[in-house]
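# Architecture and fold: a report
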Amino acid sequence: MGLFDKIVDMAGGSLVGTIVDTAKAYFPPSMTEQEKSILELQMNKAAHAQELSLLKATNHMEAEFNDRIKSMEGTAADLKSIPFIGPVIIFGRGMQRPVWGFSTLYLDYKTFAGDWVIADGSKQDIAFLVINLLVLGFLFGERAVKNLAPLIEKLLKK
């Protein structure tokens, strides 16, 4: 979930139900069930209109952000116009993930198979852990690394 989605969720959807539920507790006892349901329907309608407005604003913000990135960094179409170097850069950008992934896989295989010995507490040991966390976190996502962090911590203590 991106930053913009979190803002919308916080200001919109999850907040709507909380406000409506809280307001229900303050309905006067003299209100009939029909009046309560009409008022609840109107509150939901207003809240959903506000949420729609937030979603439109978020969409606009994301589009502006993407346009700014395109104007600052360029696009693949811009690179195609550069003879020879442009396609090489596009190829390199596309190959980054597989190269890093397979290189880390090879590094892990050689280390865990015992072909390469890394001394505990050495700079290489720390670099090995950092490379694995960065590459695997990039490939599998931050959530996967966070879920495995307690297990990794237990293994490192042993």
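The following paragraphs examine the structure supplied in this document. Bear in mind that the values here come from a model prediction, so they are computed numbers and not experimental data.

What counts, and at which threshold
Residues numbered from 1 in each chain as written. Predicted model: local features only at pLDDT ≥ 70, side-chain atom pairs only at ≥ 80, totals over all residues. Heavy atoms only, no water. Helix = DSSP H or I, 4+ residues; strand = E, 2+ residues; numbered from the N terminus. Buried < 20%, exposed > 50% of the residue type's maximum accessible area, 1.4 Å probe, protein only. Contact = heavy atoms within 4.5 Å. Areas by Shrake-Rupley, 256 points an atom, 1.4 Å probe, with all protein chains shown as cover. Salt bridge = Lys/Arg side-chain N within 4 Å of Asp/Glu carboxyl O.

Turning our eyes to something else, we now look at the overall build of the chain. Counting secondary structure elements, the chain contains seven helices and zero strands. Along the chain, from the amino end to the carboxyl end, the secondary structure elements read α-α-α-α-α-α-α. Each of the 158 residues in the chain was classed as buried or not, and the buried ones make up 16%. Counting contacts in the chain only where the partners sit at least 6 residues apart, residues at least 24 apart contribute 44% of the total. Carbon together with sulfur atoms contributes 65% to the accessible area of the chain, which is approximately 12700 Å² in total.

Let us look at the pattern of salt bridges. Inspection of every chain in the model, using the stated rule, returns one salt bridge. Put simply, Lys110 and Asp115 hold a salt bridge, and the shortest N to O gap is 3.3 Å. Assessed through its relative accessible area of 46%, Asp115 is described here as partly exposed.

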